Amino acid sequence: MNDIDAWVWWLVGAAALGIPLVVTAMPEFGMFAVGAVAAAIVAGLGFGAVAQVLVFIVVSVALIAVVRPIAIRHSKQGPRLATGIDALKGKQAVVLERVDGSGGRIKLAGEVWSARALDTGRVYEVGQEVDVVDIEGATAIVI
């Protein structure tokens, strides 16, 4: 065991930390692995065990303190590509049958939809363009 240099042990430790990273998909293990690689570099440069451990701790903690909050913030964001009915909100449609507070028909995204005016007193005539503000079931709410 004494014949193997310290930097090799740090690289073995980095590889060992890579295994749970892949298995559990917990990025913290990757940050510890990077800390171990940094310690291996310090060991390869000839610094002592105390410096190696300090570099491992400082790099690992710094990565966790900086990268983890960024990763959490990105994971909490919703998808940027709207799909389903969310993709239809804000789109323009053409009135096919008169639309008022009680109903009507529009052509939205190439399909015929039932529609209702958001303002019940408002009437949209055939051929007029309207904006979809919401979808309730199979009915588009338009203005």
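These notes cover the structure that comes with them.

## Examining helix H3 (residues 49–76)
In a regular helix each residue adds 1.5 Å, so 28 residues correspond to 40 Å; H3 covers 40 Å between its end C-alpha atoms and thus fits that length. Residue Val 67 marks the point of greatest curvature in H3, where the axis turns by about 30°; the proline Pro 69 follows within four residues.

## Considerations on helix H2 (residues 27–44)
Spanning 18 residues, H2 covers 26 Å between terminal C-alpha atoms, matching the ideal 26 Å at 1.5 Å per step. Those residues of H2 that fall on the buried side of the exposure criterion are Glu 28, Gly 30, Met 31, Ala 33, Gly 35, Ala 36, Ala 38, Ala 39, Ala 40, Val 42 and Ala 43. Just past H2, the residue Gly 46 takes up positive phi, approximately 95°.

## Section: the pairing of strand S2 (residues 103–108)
Relative to S2, strand S1 (residues 92–100) is paired through four bridges, and the arrangement is antiparallel. The residue bridging Asp 100 from the neighbouring strand is Gly 103, located in S2. Between S1 and S2, which pair antiparallel one after the other, the connecting turn spans two residues. Counted along the chain from S2 to the antiparallel partner strand S3 (residues 111–117), the turn is two residues long, and its residue Ala 109 has a positive phi close to 55°.

## A word on the environment of Ile 106
Inspection of the secondary structure assignment puts Ile 106 in strand S2. We classify Ile 106 as buried; its relative accessible area is 0%. The spatial distance from the C-alpha of Ile 106 to the C-alpha of Gln 128 is 9.5 Å, given a sequence separation of 22 residues.

## Some remarks on a nonpolar patch on the surface
Taken together, Trp 7, Leu 11, Val 37, Ile 41, Leu 45 and Phe 47 make up a surface patch of nonpolar side chains, about 590 Å² in accessible area. Broken down by secondary-structure element, the contributors of at least two residues to the nonpolar patch are helix H1 (6–24) and H2. Looking at where Leu 45 falls in the secondary structure, it is placed in the loop between H2 and H3.

## Here's the deal with the pattern of salt bridges
Going through the model one piece at a time under the given rule, you end up with five salt bridges. Between Asp 86 and Lys 89 there is a salt bridge, and its shortest N-O distance comes to 3.6 Å. Asp 86 gets classed as partly exposed once you look at its relative accessible area, which sits at 46%. Among the salt bridges present, the one from Arg 116 reaches Glu 136, with a minimum N-O distance of 2.6 Å. Of this pair, Arg 116 sits in strand S3 while Glu 136 is found in strand S4 (residues 129–136), placing the two residues 20 residues apart along the sequence. Judged by relative accessible area, which is 24%, Arg 116 ranks as partly exposed. Take Glu 136: its relative accessible area is 43%, and that puts it in the partly exposed class. Taken together, the salt bridges that share partners define one network made up of Asp 86, Lys 89 and Asp 134.

## Some details on the environment of Val 67
Within the secondary structure, Val 67 is located in helix H3. Spatially, the C-alpha atoms of Val 67 and Pro 27 are 9.2 Å apart, while their sequence positions differ by 40 residues.

Reading guide: rules and limits
- Residues numbered from 1 in each chain as written.
- Predicted model: local features only at pLDDT ≥ 70, side-chain atom pairs only at ≥ 80, totals over all residues.
- Heavy atoms only, no water.
- Helix = DSSP H or I, 4+ residues; strand = E, 2+ residues; numbered from the N terminus.
- Expected span 1.5 Å × (residues − 1).
- Bend = angle between axes of the 7 residues up to and from the residue.
- Buried < 20%, exposed > 50% of the residue type's maximum accessible area, 1.4 Å probe, protein only.
- Pairing = 2+ DSSP bridges.
- Patch = residues over 30% accessible without salt bridge, like charges linked within 9 Å, V, L, I, M, F, W, Y side chains within 5 Å.
- Areas by Shrake-Rupley, 256 points an atom, 1.4 Å probe, with all protein chains shown as cover.
- Salt bridge = Lys/Arg side-chain N within 4 Å of Asp/Glu carboxyl O.

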